[in-house]
Amino acid sequence: GEDVEQSLFLSVREGDSSVINCTYTDSSSTYLYWYKQEPGAGLQLLTYIFSNMDMKQDQRLTVLLNKKDKHLSLRIADTQTGDSAIYFCAESMGGGGNKLTFGTGTQLKVEL
Amino acid sequence: GAVVSQHPSWVICKSGTSVKIECRSLDFQATTMFWYRQFPKQSLMLMATSNEGSKATYEQGVEKDKFLINHASLTLSTLTVTSAHPEDSSFYICSAPRQNSDTQYFGPGTRLTVL
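These numbers were taken from a predicted model, which means no experiment stands behind them. (Residues numbered from 1 in each chain as written. Chains lettered and ligands numbered in written order. Predicted model: local features only at pLDDT ≥ 70, side-chain atom pairs only at ≥ 80, totals over all residues. Heavy atoms only, no water.)

Undergrad: Would you mind going over the interface of chain A and chain B with me for this structure?
TA: Interface size is often expressed as the accessible area that is lost when the parts come together. Counting residues at the interface gives 21 residues for chain A and 18 residues for chain B. At the boundary of chain A with chain B, total buried surface from both sides reaches about 1500 Å², with 55% on carbon and sulfur atoms. When residues of chain A are sorted by the area they lose upon contact with chain B, Gly 96, Lys 99 and Phe 102 of chain A head the list and together hold 31% of the total. At the boundary of chain A with chain B, the tally comes to one salt bridge. Residues Lys 99 of chain A and Glu 59 of chain B are paired through a salt bridge, measuring 3.2 Å at the closest nitrogen-oxygen approach. The interface formed by chain A and chain B contains nine residue pairs in polar contact (both at pLDDT 80 or more). Of all the elements in the fold, those that place two or more residues in the side of chain A that touches chain B are strand 4 (31–37) and strand 5 (43–50) of chain A. Tallied by class, the residues present in the side of chain A that touches chain B amount to eleven nonpolar, nine polar and one charged. (Contact = heavy atoms within 4.5 Å. Buried area = accessible area lost by both parts, 1.4 Å probe. Salt bridge = Lys/Arg side-chain N within 4 Å of Asp/Glu carboxyl O. Polar contact = N/O pair within 3.5 Å; in protein donor to acceptor, adjacent residues only side chain to side chain. Helix = DSSP H or I, 4+ residues; strand = E, 2+ residues; numbered from the N terminus. Nonpolar A, V, L, I, M, F, W, Y, C, P; charged D, E, K, R; others polar.)

Set out below in structure tokens:
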């Protein structure tokens, strides 16, 4: 079955860049997503990438995809205290109408 | 943008009672909705896929008689936790994809606490 792994915790200083990593096992994944979850809240979609892309940039966010190694990363430039949250990667084998398999989640803590 | 709501946002109930959670797509129709469960400090696990006009599809290990799903209309899916027990206490989140969209829109979640 699908397996999506993330490191549990990341701590950075305000203003630095954060890089959150994700590895997945299902090579048939076609869409890969990054979601942000603040305490007690639902999920906010940050960005997503198609499996035929290597990189996608959206303002402070940069997604890198290494399909050969099944490795996905999210870089947040100029990290702010408001970025403190849990970040989940997720994969699906189709578009929005398909079920998502979520990673284990990475808690990002931004310190002053 | 698309909005998905859930009601209630939190509920506390006694063991043995049933609890109904609603998921609504507010400005689009959704023939499919997904129900996820999230235990504290854990990831989201898909419980079932709710299909308008047909039976829900449950993931392996999810009891369909315990977690009843009804997709009553193109904008509403309900999840009923029957005879709830403390181990059912969790955060339940629904999502809905807009037709021809690459993404799903998530509800704000419902915190269920069973005493």
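After that view of the structure, there is still more to cover.
Undergrad: Just checking my understanding: could you explain the nonpolar core for this structure?
TA: With 23 residues, the main nonpolar core has Trp 35, Phe 67, Leu 79, Tyr 92 and Leu 112 of chain B as its most contacted residues. Sorting the residues of this core by element identifies strand 2 (10–13), strand 3 (19–25), strand 4 (32–38), strand 5 (44–51), strand 7 (67–73), strand 8 (76–81), strand 9 (90–97) and strand 11 (110–114) of chain B as the ones contributing at least two each. Formed by 20 residues, the second largest nonpolar core is a distinct cluster that contains Tyr 24, Leu 46, Ile 49 and Leu 72 of chain A. (Core = buried A, V, L, I, M, F, W, Y, C linked by side-chain atoms within 4.5 Å. Buried < 20%, exposed > 50% of the residue type's maximum accessible area, 1.4 Å probe, protein only.)

Undergrad: Which parts of the structure should I look at to understand the pattern of salt bridges?
TA: Side chains that carry opposite charge are capable of pairing whenever their charged atoms lie near each other. For the structure on display, the rule yields seven salt bridges over all chains. Its salt-bridge partner being Glu 111 of chain A, residue Lys 109 of chain A comes within 3.9 Å of it at the nearest N-O pair.

Undergrad: Would you explain the sheet that holds strand 1 (residues 4–7) of chain B in this entry?
TA: Residues and elements named next belong to chain B. A sheet is described by the order of its strands in space; here four strands give the open sequence 1-3-8-7, paired in antiparallel fashion. Looking at the sheet topology across the chains shown, the edges are occupied by strand 1 and strand 7. Within the sheet, the average angular offset between the axes of one strand and its neighbour, ignoring direction, is 20°. Where strand 3 meets strand 8, six bridges bridge the pair, whose relative direction is antiparallel. From the neighbouring strand, Cys 23 faces strand 8, where its bridge partner is Ser 77. (Pairing = 2+ DSSP bridges. Axes fitted to C-alpha atoms, helices over the stretch in contact; angles between N-to-C directions.)

Undergrad: Just to check I follow, could you spell out the state of the cysteines for this structure?
TA: Each disulfide is one covalent bond, formed between the sulfur atoms of two cysteines. Scanning the model with the defined rule gives two disulfides over all chains in all. Between the sulfur of Cys 22 of chain A and that of Cys 89 of chain A lies a disulfide, 2.0 Å long from S to S. Its S-S torsion of approximately 70° makes the covalent link between Cys 22 of chain A and Cys 89 of chain A right-handed. Pair noted here: Cys 22 of chain A is in strand 3 (residues 18–24) and Cys 89 of chain A is in strand 9 (residues 85–92), with a separation of 67 residues, a long-range link. The cysteine Cys 13 of chain B is free of any disulfide, with Cys 94 of chain B supplying the nearest cysteine sulfur at 18 Å. (Disulfide = S-S within 2.5 Å.)

Undergrad: Hey, could you run me through the sheet that holds strand 1 (residues 4–6) of chain A in this one?
TA: Where strands meet in a sheet, backbone hydrogen bonds hold them as pairs that are either parallel or antiparallel. Residues and elements named next belong to chain A. Taken in spatial order, the five strands of this open sheet run 1-3-8-7-6, and their pairing is antiparallel. What marks the edges here is a single partner per strand, and that holds for strand 1 and strand 6 (55–58). Between one strand axis and the next, the sheet turns by 15° as a mean value, whatever way the strands run. Judged from the four bridges that link them, strand 6 and strand 7 (residues 61–66) form a sheet pairing that is antiparallel. Paired with Lys 56 across the bridge in strand 7 is Val 63.

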